[in-house]
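Breakdown of the fold
Residue-level listing of the chains:
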Amino acid sequence: MLEVTGLAKSFGTKAAVGGLSFRVAAREVVGLVGANGAGKTTTLLAVAGILRADAGQVRIAGHDLATEPIEAKRRLGFVPDEPALFDYLTVEEHLRFIGRLYGARDIEQRIPALLVDLELGDRRTSLPDELSRGMRQKLALGCAFIHDPKVLLLDEPLTGLDPVGIRRMKDGIRTRAADGAAVLLSSHLLAVVSELCSRVIVLGHGKALAEGSPSEIAARGPTLGGTLEDAVLDLLT
Ligand code: ATP
């Protein structure tokens, strides 16, 4: 379970996130959507503890990020929009290294299955600069999944993946949620958000403009029987 209360972050005089509160329960996939600059990445970075928030509280699986940072972060998996990988570690070494850092169990048993899941089985000995963008994205997702986190934060997780990769990734996110993870993802792909997320938070200038299931938000849109995209466009324009 992820609980965020009154999260605020400014850059200079510009409020990127302005007092945001929400929860993501175990087994739930929640989507953050909004225009460029709406505050999605800032929210995810602050929830991950990479950016220090100016105000607010973040609890990850019951652990307060400010007062119990190690316990909180141990239960967290985060994939940033620009994944940072280690230049001199192979695909397999990344998974082993990150798994050990997090104290994951059964790493050696889990790595082969994860590599197959990510379609990186034949790339286990490749270095990051020998991988395509989509493959690097898949490796970053593998690093976030290796320790079975209770809370998964995914910033634009499907960008750069091929159609097979997108399908597998959607299935992977669903499976992780079904296994008990609370998943918060940001995406501009509203059709995917509709399909994957049980709840959506529409952000505008760092504040929640709307929150509800994709069908609830769609129903508040300008046209009867309209889509989530119609409703989000109406909120953002
Ligand atoms: P996008 O869809 O384009 O990825 P976003 O919703 O993720 O956008 P953020 O990256 O969170 O938006 O940015 C929110 C606001 O904070 C923007 O106005 C942005 O210019 C500003 N911002 C983000 N990071 C910084 C930074 N390091 N320094 C100054 N301003 C920043």
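Below is a short write-up of the structure. In this text the structure is predicted, and so the values were computed from the model without any measurement.

Among the residues of helix α9 (residues 228–236), Leu 228, Ala 231 and Val 232 are the ones counted as buried. The buried residues of α9 occupy an angular sector of 95 degrees when projected down its axis, which confines them to one face. For α9, the secondary structure elements touched by its buried residues are β3 (29–34), α7 (190–196), β9 (199–204) and α8 (214–219).

Let's shift gears to the pattern of salt bridges. If you walk through the whole model with that rule in mind, you get 14 salt bridges. We note a salt bridge from Arg 174 to Asp 171, for which the minimum N-O separation is 3.3 Å. Here Asp 171 and Arg 174 lie together in helix α6 (residues 163–178), a separation of three residues that amounts to about one turn. Residue classification places Arg 174 among the partly exposed residues on the basis of a relative accessible area of 33%. Of the residues examined, Asp 171 reaches a relative accessible area of 36% and is grouped as partly exposed.

The subject of this paragraph is the sheet that holds strand β10 (residues 207–212). The six strands lie next to each other as β6-β7-β8-β3-β9-β10, forming an open sheet whose pairing is mixed. Looking at the sheet topology across the chains shown, the edges are occupied by β6 (76–79) and β10. The sheet shows a mean angle of 15 degrees between the axes of neighbouring strands, taken without regard to direction. When β6 meets strand β7 (residues 151–155), the two strands line up parallel, connected through four bridges. Bridged to Leu 76 within β7 is Val 151. Of the strands in this sheet, β3, β7 and β8 (182–186) are in contact with α6, which crosses β8 at around 150 degrees.

Taken together, Phe 11, Lys 14, Ala 16, Ala 35, Asn 36, Gly 37, Ala 38, Gly 39, Lys 40, Thr 41, Thr 42 and His 188 make up all the residues around the ligand. Within the backbone of Gly 37, one N or O atom sits 2.8 Å away from an oxygen atom of the ligand. At 3.0 Å, a backbone N or O of Gly 39 approaches an oxygen atom of the ligand. Calculation on the ligand without its partners gives an accessible area of 630 Å², and the protein chains cover 59% of this total. Elements with a contribution of two residues or more to the shell around the ligand: β2 (14–24) and α1 (40–47). With three residues, the single largest contributor to the shell around the ligand is α1. Across the shell around the ligand, the residue classes tally to four nonpolar, six polar and two charged.

Within the secondary structure, Phe 86 sits in the loop between β6 and α3 (91–101). Placed 42 residues apart in sequence, Phe 86 and Pro 128 show a C-alpha to C-alpha distance of 7.3 Å.

A separate point is helix α4 (residues 107–117). The periodicity of an α-helix, 3.6 residues per turn, causes residues three or four positions apart to be oriented the same way. All buried positions along α4 are accounted for by Ile 107, Ile 111, Leu 114 and Leu 115. Mapping the buried residues of α4 onto a view down its axis gives an arc of 100 degrees, with all of them on the same face. Away from its buried face, by an angle of more than 90 degrees, α4 presents the exposed residues Gln 109 and Val 116. Packing partners of the buried residues in α4 comprise α3, α5 (133–145) and α6.

Structurally, Lys 170 is set in helix α6. Side chain to side chain, Lys 170 and Glu 195 meet in a polar contact 3.0 Å long. For Lys 170, the residues in contact, after removing those within four places along its chain, are Leu 158, Val 192, Glu 195 and Leu 196.

Strand order in the open sheet formed by four strands is β2-β1-β4-β5, with antiparallel pairing between adjacent strands. Of all the strands in the sheet, just β2 and β5 (63–64) have a single pairing partner and so form its edges. Here strand β1 (residues 2–11) runs beside β2; their pairing, made up of eight bridges, is antiparallel. Bridge pairing in β2 places Leu 7 opposite Leu 20. Here α1 sits on the sheet and contacts β1, β2 and β4 (55–60); the angle it forms with β1, its principal contact strand, is near 120 degrees.

Before going further, it helps to examine the packing of α3 against α4. Two elements in contact, α3 and α4, have axes whose closest approach is 10 Å; the angle formed by their N-to-C orientations is 135 degrees. One finds that α3 runs oblique with respect to α4. Here the hand of the crossing between α3 and α4 comes out right-handed. Where α3 approaches α4, its residues Val 91, Glu 92, Leu 95, Arg 96, Gly 99 and Arg 100 are matched on the opposing element by Ile 107, Glu 108, Ile 111, Leu 114 and Leu 115. Residues that form the contact of α3 with α4 fall into these classes: six nonpolar, one polar and four charged.

Rules used throughout
- Residues numbered from 1 in each chain as written.
- Predicted model: local features only at pLDDT ≥ 70, side-chain atom pairs only at ≥ 80, totals over all residues.
- Heavy atoms only, no water.
- Buried < 20%, exposed > 50% of the residue type's maximum accessible area, 1.4 Å probe, protein only.
- Helix = DSSP H or I, 4+ residues; strand = E, 2+ residues; numbered from the N terminus.
- Arc of directions from axis to C-beta.
- Contact = heavy atoms within 4.5 Å.
- Salt bridge = Lys/Arg side-chain N within 4 Å of Asp/Glu carboxyl O.
- Pairing = 2+ DSSP bridges.
- Axes fitted to C-alpha atoms, helices over the stretch in contact; angles between N-to-C directions.
- Near = heavy atom within 4 Å.
- Polar contact = N/O pair within 3.5 Å; in protein donor to acceptor, adjacent residues only side chain to side chain.
- Areas by Shrake-Rupley, 256 points an atom, 1.4 Å probe, with all protein chains shown as cover.
- Nonpolar A, V, L, I, M, F, W, Y, C, P; charged D, E, K, R; others polar.
- Parallel < 35°, antiparallel > 145°, perpendicular 65-115°, else oblique.
- Left-handed = near helix turned anticlockwise from the far one by under 90°.

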